[in-house]
Amino acid sequence: DAGVTQSPTHLIKTRGQQVTLRCSPKSGHDTVSWYQQALGQGPQFIFQYYEEEERQRGNFPDRFSGHQFPNYSSELNVNALLLGDSALYLCASSPPGQGSHEQYFGPGTRLTVT
Amino acid sequence: AQSVTQLGSHVSVSEGALVLLRCNYSSSVPPYLFWYVQYPNQGLQLLLKYTSAATLVKGINGFEAEFKKSETSFHLTKPSAHMSDAAEYFCAVSGTGGFKTIFGAGTRLFVKA
(Lines give C-alpha, C1' and ligand atoms only; values in the text may rest on other atoms or scores of the structure.)
Protein backbone atom coordinates (compact mmCIF):
# COMPACT_ATOMS: atom_id res chain seq x y z
CA ASP A 1 0.00 0.00 0.00
CA ALA A 2 1.54 3.28 -1.12
CA GLY A 3 1.64 6.05 1.39
CA VAL A 4 1.01 9.70 0.68
CA THR A 5 2.73 10.78 -2.51
CA GLN A 6 3.55 14.28 -3.67
CA SER A 7 4.79 15.70 -6.93
CA PRO A 8 7.04 17.19 -7.98
CA THR A 9 9.82 16.58 -5.48
CA HIS A 10 11.56 19.86 -6.19
CA LEU A 11 10.87 22.84 -8.37
CA ILE A 12 12.27 26.29 -8.95
CA LYS A 13 10.07 29.21 -9.91
CA THR A 14 10.55 32.92 -10.48
CA ARG A 15 8.82 35.66 -8.52
CA GLY A 16 5.38 36.42 -9.91
CA GLN A 17 4.87 32.99 -11.43
CA GLN A 18 2.23 30.49 -10.47
CA VAL A 19 2.78 26.93 -9.23
CA THR A 20 0.68 23.81 -8.73
CA LEU A 21 1.64 21.07 -6.32
CA ARG A 22 -0.05 17.69 -6.25
CA CYS A 23 -0.86 15.17 -3.57
CA SER A 24 -2.27 11.65 -3.62
CA PRO A 25 -3.57 10.49 -0.25
CA LYS A 26 -3.02 7.15 1.34
CA SER A 27 -5.48 4.51 0.17
CA GLY A 28 -8.77 4.76 2.05
CA HIS A 29 -8.17 8.31 3.25
CA ASP A 30 -10.66 11.05 2.39
CA THR A 31 -9.18 14.18 3.95
CA VAL A 32 -6.15 16.12 2.79
CA SER A 33 -4.35 18.90 4.62
CA TRP A 34 -1.58 21.15 3.33
CA TYR A 35 1.22 22.67 5.37
CA GLN A 36 4.04 25.09 4.61
CA GLN A 37 7.35 24.48 6.36
CA ALA A 38 9.87 27.29 6.02
CA LEU A 39 13.50 26.48 6.67
CA GLY A 40 14.17 25.94 10.36
CA GLN A 41 10.52 26.24 11.36
CA GLY A 42 7.61 23.97 12.15
CA PRO A 43 4.89 23.28 9.60
CA GLN A 44 2.18 25.92 9.28
CA PHE A 45 -1.38 24.84 8.42
CA ILE A 46 -2.57 26.20 5.07
CA PHE A 47 -5.94 24.47 4.66
CA GLN A 48 -7.79 21.16 4.80
CA TYR A 49 -9.99 19.61 2.14
CA TYR A 50 -12.84 17.18 2.74
CA GLU A 51 -15.58 16.15 0.32
CA GLU A 52 -14.03 18.41 -2.29
CA GLU A 53 -14.56 21.49 -0.12
CA GLU A 54 -12.12 23.61 1.88
CA ARG A 55 -13.10 22.79 5.45
CA GLN A 56 -10.74 25.06 7.36
CA ARG A 57 -8.08 27.56 6.42
CA GLY A 58 -5.03 28.85 8.21
CA ASN A 59 -3.61 32.35 8.11
CA PHE A 60 -2.57 32.38 4.47
CA PRO A 61 -3.50 34.90 1.75
CA ASP A 62 -5.88 34.18 -1.08
CA ARG A 63 -2.89 33.59 -3.35
CA PHE A 64 -2.94 30.13 -1.86
CA SER A 65 -5.81 28.04 -3.16
CA GLY A 66 -6.57 24.39 -3.46
CA HIS A 67 -8.75 21.73 -4.88
CA GLN A 68 -9.77 18.20 -4.03
CA PHE A 69 -10.86 15.77 -6.70
CA PRO A 70 -13.47 12.99 -6.47
CA ASN A 71 -10.66 10.44 -6.01
CA TYR A 72 -9.55 12.47 -2.93
CA SER A 73 -6.30 13.65 -4.50
CA SER A 74 -5.55 17.32 -4.07
CA GLU A 75 -3.73 20.26 -5.58
CA LEU A 76 -2.24 23.34 -3.96
CA ASN A 77 -1.96 26.40 -6.17
CA VAL A 78 0.07 29.47 -5.34
CA ASN A 79 -0.24 32.59 -7.51
CA ALA A 80 2.04 35.60 -7.78
CA LEU A 81 4.92 33.83 -6.07
CA LEU A 82 7.02 35.76 -3.57
CA LEU A 83 10.52 34.96 -2.36
CA GLY A 84 8.97 34.21 1.03
CA ASP A 85 6.96 31.36 -0.47
CA SER A 86 10.15 29.31 -0.69
CA ALA A 87 9.54 26.36 1.61
CA LEU A 88 8.82 22.66 1.90
CA TYR A 89 5.14 22.04 1.20
CA LEU A 90 3.76 19.03 3.00
CA CYS A 91 0.58 17.18 2.29
CA ALA A 92 -1.07 15.00 4.91
CA SER A 93 -4.00 12.64 4.54
CA SER A 94 -6.38 11.34 7.19
CA PRO A 95 -8.74 8.36 7.35
CA PRO A 96 -12.50 8.92 7.53
CA GLY A 97 -13.67 10.64 10.70
CA GLN A 98 -10.22 11.59 11.93
CA GLY A 99 -9.77 15.15 10.67
CA SER A 100 -6.37 16.23 11.88
CA HIS A 101 -6.20 13.66 14.66
CA GLU A 102 -4.52 11.02 12.57
CA GLN A 103 -2.37 12.34 9.77
CA TYR A 104 0.06 10.66 7.45
CA PHE A 105 2.52 12.97 5.77
CA GLY A 106 4.04 12.80 2.34
CA PRO A 107 7.71 13.55 1.68
CA GLY A 108 6.96 17.10 0.60
CA THR A 109 7.66 19.34 -2.37
CA ARG A 110 10.60 21.70 -2.03
CA LEU A 111 9.70 25.01 -3.72
CA THR A 112 12.40 27.56 -4.38
CA VAL A 113 11.37 31.01 -5.60
CA THR A 114 14.13 33.12 -7.16
CA ALA B 1 -6.37 29.81 20.74
CA GLN B 2 -4.03 26.88 20.65
CA SER B 3 -0.26 27.12 20.72
CA VAL B 4 2.77 24.96 21.32
CA THR B 5 6.13 25.91 22.80
CA GLN B 6 9.12 23.64 22.48
CA LEU B 7 11.87 24.51 24.93
CA GLY B 8 15.28 24.31 23.31
CA SER B 9 15.82 24.49 19.59
CA HIS B 10 18.78 22.11 19.92
CA VAL B 11 19.41 19.27 22.35
CA SER B 12 22.59 17.22 22.41
CA VAL B 13 22.95 13.88 24.23
CA SER B 14 25.46 11.09 24.27
CA GLU B 15 24.56 7.71 22.85
CA GLY B 16 22.91 5.67 25.60
CA ALA B 17 21.86 8.72 27.60
CA LEU B 18 18.33 9.81 28.45
CA VAL B 19 16.53 11.88 25.83
CA LEU B 20 14.18 14.58 27.13
CA LEU B 21 12.49 16.97 24.72
CA ARG B 22 10.19 19.53 26.30
CA CYS B 23 6.81 20.71 25.05
CA ASN B 24 4.23 22.98 26.64
CA TYR B 25 0.87 23.64 25.08
CA SER B 26 -1.97 26.09 25.37
CA SER B 27 -5.47 25.04 24.49
CA SER B 28 -8.94 26.22 25.49
CA VAL B 29 -10.42 22.82 24.70
CA PRO B 30 -9.29 19.30 25.60
CA PRO B 31 -6.36 18.80 23.28
CA TYR B 32 -5.06 16.08 21.12
CA LEU B 33 -1.26 16.15 21.41
CA PHE B 34 1.31 14.69 19.08
CA TRP B 35 5.01 14.18 18.65
CA TYR B 36 6.38 13.86 15.12
CA VAL B 37 9.91 13.15 13.91
CA GLN B 38 11.41 14.48 10.71
CA TYR B 39 14.58 13.14 9.17
CA PRO B 40 16.51 15.29 6.67
CA ASN B 41 14.68 15.83 3.39
CA GLN B 42 11.72 13.76 4.51
CA GLY B 43 8.16 14.30 5.65
CA LEU B 44 6.92 13.91 9.20
CA GLN B 45 6.42 10.58 10.90
CA LEU B 46 4.09 10.22 13.87
CA LEU B 47 5.89 9.01 17.00
CA LEU B 48 2.91 9.04 19.36
CA LYS B 49 -0.30 10.84 20.19
CA TYR B 50 -2.36 11.63 23.28
CA THR B 51 -6.12 11.39 22.95
CA SER B 52 -7.21 11.50 26.64
CA ALA B 53 -7.22 7.72 27.08
CA ALA B 54 -4.05 7.45 29.17
CA THR B 55 -1.67 10.12 30.43
CA LEU B 56 1.45 8.06 29.65
CA VAL B 57 1.64 7.39 25.95
CA LYS B 58 4.03 4.93 24.39
CA GLY B 59 5.15 5.39 20.83
CA ILE B 60 7.42 3.89 18.28
CA ASN B 61 11.19 3.45 18.55
CA GLY B 62 11.09 3.37 22.37
CA PHE B 63 9.76 6.91 22.83
CA GLU B 64 7.07 7.85 25.31
CA ALA B 65 5.42 11.04 26.51
CA GLU B 66 3.46 11.99 29.61
CA PHE B 67 0.48 14.35 29.52
CA LYS B 68 0.44 16.61 32.60
CA LYS B 69 -2.62 18.83 32.58
CA SER B 70 -1.55 20.79 35.67
CA GLU B 71 1.70 21.75 33.96
CA THR B 72 0.22 21.92 30.42
CA SER B 73 3.15 19.80 29.32
CA PHE B 74 3.71 16.85 27.05
CA HIS B 75 7.44 16.08 27.25
CA LEU B 76 8.98 13.35 25.09
CA THR B 77 11.45 10.91 26.60
CA LYS B 78 13.52 7.90 25.62
CA PRO B 79 15.64 6.04 28.20
CA SER B 80 18.62 5.40 25.95
CA ALA B 81 19.51 7.45 22.88
CA HIS B 82 20.66 5.79 19.69
CA MET B 83 22.57 7.41 16.86
CA SER B 84 19.57 6.82 14.59
CA ASP B 85 17.45 9.10 16.83
CA ALA B 86 19.26 12.17 15.50
CA ALA B 87 16.52 14.17 13.77
CA GLU B 88 14.12 17.09 14.18
CA TYR B 89 11.24 16.56 16.59
CA PHE B 90 7.97 18.48 16.53
CA CYS B 91 5.32 18.72 19.19
CA ALA B 92 1.83 19.53 17.91
CA VAL B 93 -1.69 20.16 19.20
CA SER B 94 -5.15 19.98 17.70
CA GLY B 95 -8.53 20.55 19.31
CA THR B 96 -11.50 18.24 19.56
CA GLY B 97 -13.58 20.42 17.27
CA GLY B 98 -11.01 21.80 14.92
CA PHE B 99 -9.36 20.44 11.89
CA LYS B 100 -5.96 22.08 11.94
CA THR B 101 -2.84 21.04 13.77
CA ILE B 102 -0.56 23.61 15.35
CA PHE B 103 3.11 22.68 15.40
CA GLY B 104 5.91 23.88 17.59
CA ALA B 105 9.10 25.28 16.11
CA GLY B 106 10.91 21.99 16.53
CA THR B 107 13.86 20.65 18.49
CA ARG B 108 16.84 19.22 16.71
CA LEU B 109 18.30 16.26 18.56
CA PHE B 110 22.01 15.53 18.19
CA VAL B 111 23.39 12.21 19.43
CA LYS B 112 27.10 12.01 20.16
CA ALA B 113 29.03 8.77 19.94
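Residues numbered from 1 in each chain as written. Chains lettered and ligands numbered in written order. Predicted model: local features only at pLDDT ≥ 70, side-chain atom pairs only at ≥ 80, totals over all residues. Heavy atoms only, no water.

Asker: Explain the sheet that holds strand E3 (residues 19-24) of chain A here, please?
Answerer: Pairing between sheet strands relies on hydrogen bonds along the backbone, with the strands arranged either parallel or antiparallel. Residues and elements named next belong to chain A. The strand order across the open sheet formed by four strands is E1-E3-E8-E7, and the pairing between neighbours is antiparallel. The open sheet terminates on both sides in strands that have one partner only, identified here as strand E1 (5-7) and strand E7 (64-68). Direction aside, the axes of adjacent strands within the sheet are offset by 20° on average. Sheet analysis places E7 next to strand E8 (residues 74-78), joined by five bridges and oriented antiparallel. Counted as the bridge partner of histidine 67 is glutamate 75 from E8. (Pairing = 2+ DSSP bridges. Helix = DSSP H or I, 4+ residues; strand = E, 2+ residues; numbered from the N terminus. Axes fitted to C-alpha atoms, helices over the stretch in contact; angles between N-to-C directions.)

Asker: Whenever I open this one, the pairing of strand E3 (residues 19-26) of chain B confuses me. Can you help?
Answerer: Remark: a regular strand shows side chains that alternate across the two faces of the sheet. All names here are of chain B. Across the two faces of E3 the burial differs, with Val19, Leu21, Cys23 and Tyr25 buried and Leu20, Arg22, Asn24 and Ser26 not buried at all. Judged from the four bridges that link them, E3 and strand E8 (residues 73-78) form a sheet pairing that is antiparallel. Across the sheet, residue leucine 21 finds its bridge partner in E8, namely leucine 76. (Buried < 20%, exposed > 50% of the residue type's maximum accessible area, 1.4 Å probe, protein only.)

Asker: Even after reading the chapter, I still don't get the state of the cysteines, so can you show me in this structure?
Answerer: Covalent bonding between the sulfur atoms of two cysteines is what defines a disulfide. All chains considered together, the criterion is met by two disulfides over all chains. At a sulfur-sulfur separation of 1.8 Å, the disulfide partner of cysteine 23 of chain A is cysteine 91 of chain A. For the disulfide bridge between cysteine 23 of chain A and cysteine 91 of chain A, the dihedral angle about the S-S bond is near -55°, and by the sign convention the bridge is left-handed. In this pair, cysteine 23 of chain A sits in strand E3 while cysteine 91 of chain A sits in strand E9 (residues 87-94), placing the two residues 68 residues apart along the sequence. For cysteine 23 of chain A, a relative accessible area of 2% corresponds to the buried category. One disulfide bridge connects cysteine 23 of chain B with cysteine 91 of chain B, the sulfur atoms lying 2.0 Å from each other. Taking the torsion about the sulfur-sulfur bond, which here is approximately -65°, the covalent link between cysteine 23 of chain B and cysteine 91 of chain B counts as left-handed. (Disulfide = S-S within 2.5 Å.)

Asker: How should I be thinking about the interface of chain B and chain A in this particular structure?
Answerer: Accessible area lost during the coming together of the parts is what is often quoted as the interface size. On the chain A side, the residues contacting the 19 residues of chain B number 21 residues. For the pairing of chain B and chain A, the buried interface totals around 1,600 Å² over both sides, and the portion due to carbon and sulfur atoms is 52%. Counting across the chain B and chain A interface gives one salt bridge. Counting the contacts that link chain B with chain A gives three residue pairs in polar contact (both at pLDDT 80 or more). (Contact = heavy atoms within 4.5 Å. Buried area = accessible area lost by both parts, 1.4 Å probe. Salt bridge = Lys/Arg side-chain N within 4 Å of Asp/Glu carboxyl O. Polar contact = N/O pair within 3.5 Å; in protein donor to acceptor, adjacent residues only side chain to side chain.)

Asker: It is not clear to me how the nonpolar core should be interpreted in this structure. Could you clarify?
Answerer: Generally speaking, nonpolar side chains in soluble globular proteins are found buried as a group. Formed by 26 residues in total, the largest nonpolar core has its most connected members in Trp35, Leu48, Phe74, Leu76 and Tyr89 of chain B. Put simply, the parts of the chain that give this core at least two residues each are strand E2 (10-14), E3, strand E4 (31-38), strand E5 (44-50), strand E7 (64-68), E8, strand E9 (87-95) and strand E11 (107-112) of chain B. (Core = buried A, V, L, I, M, F, W, Y, C linked by side-chain atoms within 4.5 Å.)

Asker: Help me understand the sheet that holds E7 of chain B in this model?
Answerer: All names here are of chain B. Strand order in the open sheet formed by five strands is E1-E3-E8-E7-E6, with antiparallel pairing between adjacent strands. With one partner strand each, in any of the chains shown, strand E1 (3-7) and strand E6 (56-58) form the two edges of the open sheet. In this sheet, adjacent strand axes meet at a mean angle of 20° when their direction is disregarded.

Asker: Just checking my understanding: could you explain the pattern of salt bridges for this structure?
Answerer: Pairing is possible between side chains that carry opposite charge, provided their charged atoms lie close to one another. Tallying each qualifying case throughout the model produces seven salt bridges over all chains. Salt-bridge contacts for glutamate 54 of chain A lead to arginine 57 of chain A; the nearest nitrogen and oxygen are separated by 3.1 Å. Judged by its relative accessible area of 25%, arginine 57 of chain A falls in the partly exposed class. Between arginine 108 of chain B and glutamate 88 of chain B there is a salt bridge; the shortest N-O distance is 3.0 Å. Taken together, the residues span a long stretch of sequence, with arginine 108 of chain B in strand E11 and glutamate 88 of chain B in strand E9 at a distance of 20 residues. Of the residues examined, arginine 108 of chain B reaches a relative accessible area of 31% and is grouped as partly exposed. Of the residues examined, glutamate 88 of chain B reaches a relative accessible area of 11% and is grouped as buried.

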